[in-house]
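A look at the structure
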Amino acid sequence: MKKTFIILCTAIAAVSLTAEAERVHIATPGSSLVVDAPKDGPVFFMYYGDRLSDADIADFPTAGVSWLDAYPAYGIYPEHESAFSAVHTDGNMTLQMGVQNVERTTAPDGAEITTITLRDKKYPFELKLNYRTYPGEDVIESWVEASHNEKGNVRLTRFMSGFLPIRRSDVHVSQGYGSWGNEFHLEEAPLPHGVKIIKNKDGVRNSHTAHGEVMISLDGKARENDGRVIGAALCYTGNYKLMFDTDASDYHKFYAGINEENSAYNLRKGETFVTPPLAFSYSNEGLSGVSRNFHRWGRNHRLANGSTERKVLLNSWEGVDMRIDEPTMHQMMSDIADMGGELFVMDDGWFGVKYRRIGDDKGLGDWTVDTQKLPHGIQGLIDAAAERGIKFGLWIEPEMINKRSELYEKHPEYVIKAPGRDEVYGRGGTQMVLDMSNPKVQDLVFNIVDTLMTNYPGLDYIKWDANCPIQEAGSQYLSADNQSHLYIDYHRGLEKTLKRIRAKYPTLTIQACASGGGRVNWGYMPYFDEFWVSDNTDALQRVYMQWGTSYFFPALTMASHISVTPNHQTNRIIPLKYRTDVAMSGRLGMELQPKDMSEREKDQTRRAIADYKRIRPIVQFGDIYRLLSPYDHKGAASMMYVSPEKDKAVYYWWKTETFVNQQLPRITMAGLDPDRKYRITELNRIDNTPLAFEGKTFTGRFLMSNGLEIPLGHNVDYDQRSDYASRVLLLEAQ
Ligand code: DGJ
């Protein structure tokens, strides 16, 4: 007789379900994952979708559920792709795994962990499949632990974090691809036969070529607020691979994990290889439903300081580049403080004594202040910021080194380079990556932050940059046999270091930057408070990039800065109102020289920052409802954030194209309480006359079934006119 185990909210420390455990039901409030785990047999995947009851599950086998291996290891019947493969010490390349037991535990944070232990039938080789759920969150994390007791090393050649068969019907996949300056550009397509691979092989930054997250719509072209969608995010800092294998069967088989290419791992006897987690979420409320699940889960369980409001800041990079000096820093601090900002961040160019950082060809590695530029040092700047009532932060790039640095003179053996080959250089013609697999380098990187924080405890924020890929895979630290460990051990070393930093400095705000958005992945976010979405600050392109980023990442992680016009990257001329309205949908900041702003612009920004502070809790902690996608090319884009209590909301509308006699769609809102009345207030208003509905109240039902007609342009003086238009509306329940 089969027995079903529901793994939900049962506070049991570690219960073995061995004897009869077969049907395993891993449940979240809105979803169910069901596998069958008969003793000695393989684990069968049965179902993932809407939350089911015991009664629903009872007659499962007669209903045509999948009966596919829930974690296929390469071995017997090897004609399909596998999630795991290994070469035993005697050269045997096969695995034949059988269930030993099923166990569930409750972690201190309330998470329920279901562990299915599988053992090879002939070899002392073990795999543990883990599934973690959190009370109240519709996200499941899966990861795998491999270990053995064979004599010598077992060579692991594939090690996926998770596997999910998706029943074929009209399945579409949305993915984010891109490059520097064009991060998280969305693309959606039906899944064809064959293998589709989304991957990264940069070594250092893993979200510039493609992103490690996908949305899988089960009901044809994905819709924002209805339809069944599965979202999956590989939470890893390094090279990854997401793969769909669609053969002649009725299933698309989805695999996700570390990219195994050039990364075979020699696992010692008694050592455990732990994969990073794959987080996945199911929603019947469309793409936005999955996004809300990921945002909530991220803020509650994964993001550093996920419940802390992010400050409004000015970053110096686009304003002054490396032309750092004390009077300029003081002036920028005064200006941002005067406009209501809360933090000033000094970007690149502040360090280097023998090798002064006046260009990008020298100085990385020498994190000592350049007193020719800054006579009163970092403490002088922290004090100057305090005098102006704001906080101070600075930029570092601790995993990197320039050949022209004192660090390189002392430790050339710290750089990544293939044995016997010449060094290969990146940015500035002299930049290289430090070998994070080397424990001495890990200490060095930890000490960069620790020394800064010890010397300057008033430092509030660090922008942690990384501007170079691994260009020549090879380690001067790893043994000849283990050269293939570099890609993985680099990231183990990095994570170890970041954990140490976080343990000592839990509330320090740290931004993940990697040539812009090169490190936008949930693998980084336990150690970082936010990321720099892109070096491209063009507001129009940001509408697209931030739209894609919001699929998996909440607004408080998305650093979004108002920059100058014409834009540095695109040369596009966009009015301040539009630039501000786009930046206000993420973590608002500025990235320009405020000295060059007119008094009128400063005034407008001052009011916008005050408005942002008013809506900050809704933006940073609210639920997202995307309404009209810019990728649909209907001439506008629109989205909103709604407070969890549904008593407040912020609605954004950005025009994305301009034509004469243009017909833009009326946009209906979402996520409101149909029975409450909401008063409308326009924020960051520039028009000479108020909107027709300013100060009026409407029921949530009306707003969600009719919406508000947004005028195509702004009523402003002649010299202020432009082809751009945007609105930010605050909705407050009466
Ligand atoms: C690359 C980053 O993406 C920029 O924002 C800036 O910090 C520069 N590095 C500084 O060199």
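Because the structure is a prediction, the values reported are computed rather than measured.

Some thoughts on the environment of threonine 114
Along the chain, threonine 114 turns up in strand S9 (residues 112–120). A relative accessible area of 1% places threonine 114 in the buried class. The spatial distance from the C-alpha of threonine 114 to the C-alpha of lysine 39 is 16 Å, given a sequence separation of 75 residues.

Section: the site of the ligand
In the region of the ligand, 13 residues are neighbours, and Asp347, Asp348, Lys463, Asp465 and Asp535 sit closest. Side-chain polar atom of aspartate 347 to an oxygen atom of the ligand: 2.8 Å apart, as the coordinates give it. Note that an oxygen atom of the ligand is positioned 2.7 Å from one of the side-chain N or O atoms of aspartate 348. Protein chains bury 97% of the 300 Å² of accessible surface belonging to the ligand in isolation. Here the residues of the shell around the ligand are counted per class, giving four nonpolar, three polar and six charged.

Focus: the domain arrangement of the protein chain
Looking at the assigned domains, one finds that the protein chain contains domain 1 (13–302) and domain 2 (625–733). For domain 1 and domain 2, the distance between their C-alpha centroids amounts to 40 Å. Contacts between the two partners involve 10 residues from domain 1, matched on the other side by six residues from domain 2. Across the interface of domain 1 and domain 2, roughly 670 Å² is buried in total on both sides, 43% from carbon and sulfur atoms. When the buried area of domain 1 at its contact with domain 2 is split by residue, Glu224, Asn225 and Arg292 rank highest and sum to 49% of it. Viewed at the interface, domain 2 and domain 1 are joined by two salt bridges. We note a salt bridge from arginine 626 to glutamate 224, for which the minimum N-O separation is 3.1 Å.

Some remarks on the sheet that holds strand S32 (residues 587–590)
Strand order in the closed barrel made by the eight strands is S23-S24-S25-S28-S29-S30-S31-S32, with parallel pairing throughout. Averaged over all adjacent pairs, the angle separating strand axes in this sheet is 30 degrees, with direction ignored. Pairing geometry for strand S23 (residues 313–315) and S32, over two bridges, is parallel. Within S32, the position partnered with leucine 314 by the bridge is methionine 590. Contacts from helix H11 (residues 599–621) reach strand S31 (558–562) and S32, with the element oriented near 155 degrees to S32.

Each value, and the rule that gives it
Residues numbered from 1 in each chain as written. Predicted model: local features only at pLDDT ≥ 70, side-chain atom pairs only at ≥ 80, totals over all residues. Heavy atoms only, no water. Helix = DSSP H or I, 4+ residues; strand = E, 2+ residues; numbered from the N terminus. Buried < 20%, exposed > 50% of the residue type's maximum accessible area, 1.4 Å probe, protein only. Near = heavy atom within 4 Å. Polar contact = N/O pair within 3.5 Å; in protein donor to acceptor, adjacent residues only side chain to side chain. Areas by Shrake-Rupley, 256 points an atom, 1.4 Å probe, with all protein chains shown as cover. Nonpolar A, V, L, I, M, F, W, Y, C, P; charged D, E, K, R; others polar. Domains from an automatic or database assignment. Contact = heavy atoms within 4.5 Å. Buried area = accessible area lost by both parts, 1.4 Å probe. Salt bridge = Lys/Arg side-chain N within 4 Å of Asp/Glu carboxyl O. Pairing = 2+ DSSP bridges. Axes fitted to C-alpha atoms, helices over the stretch in contact; angles between N-to-C directions.

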